[in-house]
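Residue-level structure breakdown
The lines below spell out each chain.
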Amino acid sequence: MSKIIGIDLGTTYSAIAQLDDLGTPEVLASTDNNKKITASSVYIKDQNVIVGDKALDALETVPKQVITETKRQMENDVVYSVDEGKWVDKDEKNKDYYSPAQISSFILSKLKGYASDVKKAVITVPALFAEKARVATLDAAKMAGIEVISLINEPTAAACYYASLPNVKKITGKILVFDLGGGTFDVTVCEVQGEEVEVITSRGDKWLGGKDFDKELINLINEKYKKLSGKELDIENNYSKYMEVAEQVKRVLSVRDKQIETIDGPDGAKEIEITRVEFEQSIQTHIEKLKMLMEEALDGSGLKAENISHTLLVGGSTRIPIITKTIEQVMKKPPLKGVNVDEAVAAGAAIYAGLKSKKNLNEAQKKAISNVKLQDVCNFYLGTLVQEDDPVLNRQVTANLILIDRDTPLPATKSSRLVTLYDDQESISIDITQSEGRERNREFVNIIHQGELKFPDKKPKGRPIDVTYTYDTSGKLHCIFEDEATKEKYEVSIRPESAEDLRRNYEAIEHIVIE
Ligand SMILES: Nc1ncnc2c1ncn2[C@@H]1O[C@H](COP(=O)(O)OP(=O)(O)OP(=O)(O)O)[C@@H](O)[C@H]1O
Ligand SMILES: [Mg+2]
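Residues numbered from 1 in each chain as written. Chains lettered and ligands numbered in written order. Predicted model: local features only at pLDDT ≥ 70, side-chain atom pairs only at ≥ 80, totals over all residues.

Describing the overall build of the protein chain
Counted only if it meets this: Strands here are runs of E lasting at least two residues and helices are runs of H or I lasting at least four, both read from the DSSP assignment and numbered beginning at the N terminus. Comment: burial labels come from other C-beta atoms within 10 Å of the residue's own C-beta, placed from the backbone, where a count of 20 or more is buried, 12 or fewer is exposed, and between is partly exposed. With C-beta atoms placed from the backbone, a contact is any residue pair whose C-beta atoms sit within 7 Å.
When helices and strands are counted, the protein chain shows 12 helices and 28 strands. Referenced to the eigenvectors of the C-alpha coordinate spread, the extents of the protein chain come out at roughly 80 × 55 × 50 Å. Sorting the 515 residues of the protein chain into buried and exposed places 44% on the buried side. A sequence separation of at least 24 residues applies to 69% of the contacts in the protein chain between residues at least 6 apart.

Concerning the sheet that holds strand 18 (residues 308–314)
Selection rule: A strand pair is defined by DSSP finding two or more bridges across the two strands. Inter-axis angles, ranging from 0 to 180 degrees, are taken between N-to-C directions of lines fitted to C-alpha atoms, where helices are fitted over the stretch in contact.
What the five strands build is an open sheet, ordered 18-13-14-15-19; its pairing is mixed. Because the sheet does not close on itself, it has two edges, and the strands there are strand 18 and strand 19 (373–375). Taking the axes of each pair of neighbouring strands and ignoring which way they run, one obtains an average angle of 25 degrees across the sheet. The pairing of strand 14 (residues 185–193) with strand 15 (residues 196–205) spans nine bridges and is classified as antiparallel. Note that in strand 15 the partner of Glu-191 across the bridge is Glu-198.

Regarding the domain arrangement of the protein chain
Defined as follows: An automatic or database domain assignment supplies the residue ranges for each domain. For this classification, the nonpolar set comprises Ala, Val, Leu, Ile, Met, Phe, Trp, Tyr, Cys and Pro, the charged set comprises Asp, Glu, Lys and Arg, and every other residue, Gly included, is treated as polar.
The domain architecture assigned to the protein chain consists of domain 1 (5–167 + 340–374), domain 2 (176–206 + 291–331), domain 3 (210–284) and domain 4 (381–494). Here the C-alpha centre of domain 3 lies 29 Å away from the C-alpha centre of domain 2. Across the boundary between the two partners, domain 2 contributes nine residues, which contact five residues of domain 3. A breakdown of the residues in the side of domain 2 that touches domain 3 according to their chemical character gives three nonpolar, five polar and one charged.

Looking at the nonpolar core
Test applied: Residues enter a nonpolar core if they are buried, belong to Ala, Val, Leu, Ile, Met, Phe, Trp, Tyr or Cys, and are joined to the set through C-beta atoms within 7 Å.
Judged by nonpolar contacts, the single largest core of 127 residues is most densely connected at Ala-159 and Ala-349. Among the elements that take part in this core, helix 10 (residues 344–356) stands out by supplying nine residues, more than any other. Those residues in contact with Ala-159 that sit more than four places away from it in its chain are Ile-175, Val-177, Thr-188, Cys-190, Val-192, Val-197 and Leu-312. Ranked by size, the runner-up nonpolar core spans 17 residues in total, among them Tyr-242, Ala-246, Ile-274 and Ile-283.

Looking at the site of ligand 1
Selection criterion: What makes a residue near a molecule or strand is its C-beta atom, placed from the backbone, lying within 6 Å of it.
As a structural note, the neighbourhood of ligand 1 is formed by 23 residues, with Gly-10, Thr-11, Gly-181, Gly-210 and Gly-316 the closest of them. Counting only elements with at least two residues in the shell around ligand 1, the list comes to helix 5 (210–229) and helix 6 (239–253). The element contributing the most residues to the shell around ligand 1 is helix 6, with three residues. Looking at the shell around ligand 1 residue by residue, the class counts come to two nonpolar, 14 polar and seven charged.

Regarding helix 8 (residues 284–300)
Keep this limit in mind: Each residue after the first adds 1.5 Å to the expected span of a helix. This arc describes the spread of directions from the helix axis toward the C-beta atoms.
For helix 8, which comprises 17 residues, the first-to-last C-alpha distance of 24 Å matches the rise-based estimate of 24 Å (1.5 Å per residue) to within 8%. What helix 8 keeps buried is the set His-286, Leu-290, Leu-293, Met-294, Ala-297 and Leu-298. Viewed end-on, helix 8 has its buried residues packed into an arc of 140 degrees, placing them on one side of the element. For helix 8, the exposed residues set more than 90 degrees away from the buried face come down to Gln-284, Thr-285 and Glu-288. Those residues of helix 8 hidden inside the fold are in contact with strand 13 (173–180), strand 14, strand 15, helix 5 and helix 9 (321–331). Just downstream of helix 8 lies Gly-302, where phi reads positive at about 70 degrees.

Observations concerning the pairing of strand 11 (residues 120–125)
Most of strand 11 is tucked away: five of the six residues are buried. Where strand 1 (residues 5–8) meets strand 11, three bridges bridge the pair, whose relative direction is parallel. Its bridge partner being in strand 11, Gly-6 is matched across the sheet by Val-122. Relative to strand 12 (residues 147–153), strand 11 is paired through six bridges, and the arrangement is parallel. Paired with Val-122 across the strands is Ser-150, a residue of strand 12.

Structural notes on the sheet that holds strand 24 (residues 446–454)
Strand order across the open sheet formed by four strands is 21-20-23-24, with antiparallel pairing between neighbours. Every other strand in the sheet has two partners, leaving strand 21 (395–404) and strand 24 as the edge strands with one partner each. Going from strand to strand, the sheet's axes swing by 30 degrees on average, the running direction of each strand aside.

Some points on helix 3 (residues 131–143)
Between the first and last C-alpha of helix 3 there are 18 Å, a value that for 13 residues agrees with the 18 Å anticipated at 1.5 Å per step. Taken from the residues just after helix 3, Gly-145 is the one with a positive phi, measuring 75 degrees.

Let's talk about the confidence of the model for the protein chain
Which entries qualify depends on this criterion: A residue's pLDDT is simply how confident the predictor is in it, with values from 0 to 100.
For the protein chain, mean pLDDT is 92; residues scoring 70 or higher make up 94% of the total. Counting interchain partners and residues more than four positions distant, the pLDDT-below-50 stretch residues 496–512 has 18 contacts.

Describing the environment of His-286
Its place among the elements puts His-286 in helix 8. According to the C-beta neighbour criterion, His-286 is buried, with 21 such atoms within 10 Å. Residues His-286 and Glu-488, 202 residues apart in the sequence, show an inter-C-alpha distance of 50 Å. Residue contacts for His-286: discarding those within four places in its chain leaves Leu-208, Asp-212 and Phe-213.

See the structure below:
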């Protein structure tokens, strides 16, 4: 029987969990080194692909061939060129390239190997992951031979795991999930009653995580090196090496007040002392951003810090003392500690996989998760561009019409009626939009799909077109634009039927072995 699997595909580390025979999620250890988290690093070595810690080790010697932080590229039209050792614009002429989805598929293939018979899984994504990045994640799974039961937002998965823990029944009421990983920050407010989790709202930043702290530390180390020797470090050409040093120093500073590190540079090796206070000052702007987003999440849920019973920690960067201090400041009480911040997301995804595939569960598993219920929300505004008369400008302007509001409980279906603006109009162009704010201005929205609805006959202006958007619990968006008179439809499901060219390219490199 196919296993009940959840996968946390992280920016820096990934994990795979499975429901055991008693219905308890178990994070699986790597077949390489028995660790439960696997570095999301990919080393393209001749005909082979090496994923995990071994790839991370190769970063210093062959940096161009090792790809890291792929998740941050999932929404971009870029490809990784092993030749150039960087992400470049997608260019048809460039044959030696790998899309972000492909690289992620290598990581998923590696994780899949920690269990036998993995065919289906729930995969987690940041709450504020754009539609394009979600589609790229689904593409990655497809390439890795995994059927995605559903995507689930990372903080939602973590909340689901926390709520299901037998010894934390005291977690009830409104909770705040603070998820700070290697690349992204998500803060989610939920209501938990027993094992029922209802998401209220999420805020976040996809460019705020441990990697950004490492970069600040490199700058700090560089300043100190320059003070001692008068020369600057060549960061550009030794980026991976210094990032590794910075991460190491950062980890030490989570438990000690200072660290003395030998730094190699143009003036030879120097001993450099970095204190925790200096590190904390260097990441101050990021801390301010974290505070602001927590406050926005509270505002968005109509709650005050006093109304939140617990703050739950998720993600490796929550081990940094200034982070927990900041949470305590904003939330007016310390966060709850004691659960594995690295494993909660994957474990929650496995529970959700169980909920979504009940017919595959044994009796004990069914019983274990029988009380778990989950209600997620839409994390964006979804709309369409329309033409409308602007009485001030006295001409037509393009505006964004929102159909599904942010924080609408899922599944959600909303409809609206549009009308044509001209007599004998032959078609309407369709632009499906996604935005984080309630935007009217087209400049501030992402167009996630474009199409056209043609009319088979001519009619005077004012011809009605019914638009219906449905957003399901797995984050799949289905849109229908229907001409009321002829029932002619333009229908689109925003799903991974894209990326044809990438799949072709993937087939061309099928001989690659996942070591
Ligand atoms: N003891 C520690 N002190 C400081 N930072 C730490 C510590 N342990 C781990 N980290 C940092 O946590 C980050 C990894 O966390 P995690 O595995 O939760 O992220 P991820 O899932 O890869 O990223 P994301 O969720 O953003 O996609 C790294 O930046 C790592 O340096
Ligand atoms: Mg994570």
